[in-house]
Amino acid sequence: QVQLVESGGGLVQAGGSLRLSCAASGSIFSYNAMGWYRRAPGKQRELAAAITSGGSINYADSVKGRFTISRDNAKNTVYLQMNSLKPEDTAVYYCNADRLGGAGVLRYWGQGTQVTVSS
């Protein structure tokens, strides 16, 4: 059973930093892509950042230059370093892992971690 466990959320003042971690069960090489999505109050879930197994990275325009996604293959962990945080970054952040299969894409999600940025 796939498990993704997030940690690192919390309350921070605007301009501050947080680092989110997502520990995956099993090797992260087994996933074609991993990423961080977020859902702000009253809004739909959106992609913040993603990294493929080949190392390609994609960021939402709203976080470019402030967030950095990375992975530690030895620890089966993906990170999201968030700098220069803004109140509009307040959201529940979810770790995601995608695996391509014969029936299509299998998507796995963590339980989410709350990030609150105060002004």
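Criteria and cut-off values
- Residues numbered from 1 in each chain as written.
- Predicted model: local features only at pLDDT ≥ 70, side-chain atom pairs only at ≥ 80, totals over all residues.
- Heavy atoms only, no water.
- Helix = DSSP H or I, 4+ residues; strand = E, 2+ residues; numbered from the N terminus.
- Buried < 20%, exposed > 50% of the residue type's maximum accessible area, 1.4 Å probe, protein only.
- Contact = heavy atoms within 4.5 Å.
- Pairing = 2+ DSSP bridges.
- Phe/Tyr/Trp six-rings, centres within 6.5 Å; stacked < 30°, edge-to-face > 60°.
- Lys NZ or Arg CZ within 6 Å of the ring centre and 35° of its normal.

**Q** For this particular structure, what's the right way to read the environment of Gly9?
**A** Within the secondary structure layout, Gly9 lies in the loop between strand E1 (4-7) and strand E2 (10-13). Judged by relative accessible area, Gly9 falls into the partly exposed class, the value being 33%. The spacing of Gly9 and Gln114 is 105 residues in sequence and 5.3 Å in space, taken between C-alpha atoms. The residues touching Gly9, leaving out its near neighbours within four places in the chain, are Leu20, Thr113, Gln114 and Val115.

**Q** When you look at the pairing of strand E11 (residues 113-118) in this model, what are you seeing that I'm missing?
**A** Looking down a regular strand, the side chains alternate between one sheet face and the other. Side chains Thr113, Val115 and Val117 project from E11 onto a buried face, and the interleaved Gln114, Thr116 and Ser118 project onto a face without burial. When E2 meets E11, the two strands line up parallel, connected through four bridges. By the bridge assignment for E11, Val12 is matched with Val117. Bridging between strand E9 (residues 91-101) and E11 involves three bridges; their strand directions are antiparallel. Within E11, the position partnered with Ala91 by the bridge is Val115.

**Q** Could you clarify how one ought to interpret the packing of aromatic side chains in this entry?
**A** Each aromatic ring pair is summarised here by two numbers: the centre-to-centre distance and the angle between the ring planes. All chains considered together, the criterion is met by two aromatic pairs. Considering the side-chain rings of Tyr31 and Tyr108, the 6.3 Å spacing of their centres and the 65 degrees angle between planes classify their relative orientation as edge-to-face. Within this pair, whereas Tyr31 is found in the loop between strand E3 (18-24) and strand E4 (33-39), its partner Tyr108 is found in strand E10 (residues 104-109), the two being separated by 77 residues in sequence. Considering the side-chain rings of Tyr37 and Trp109, the 5.1 Å spacing of their centres and the 75 degrees angle between planes classify their relative orientation as edge-to-face. One end of the pair, Tyr37, is in strand E4; the other, Trp109, is in strand E10, with 72 residues separating them in the sequence. Residue classification places Tyr37 among the buried positions, given a relative accessible area of 16%. Since its relative accessible area comes to 28%, Trp109 is described here as partly exposed. Sitting over the face of the ring of Trp109, Arg45 holds its NZ or CZ atom 3.9 Å from the ring centroid.

This is a description of form; function is not addressed.
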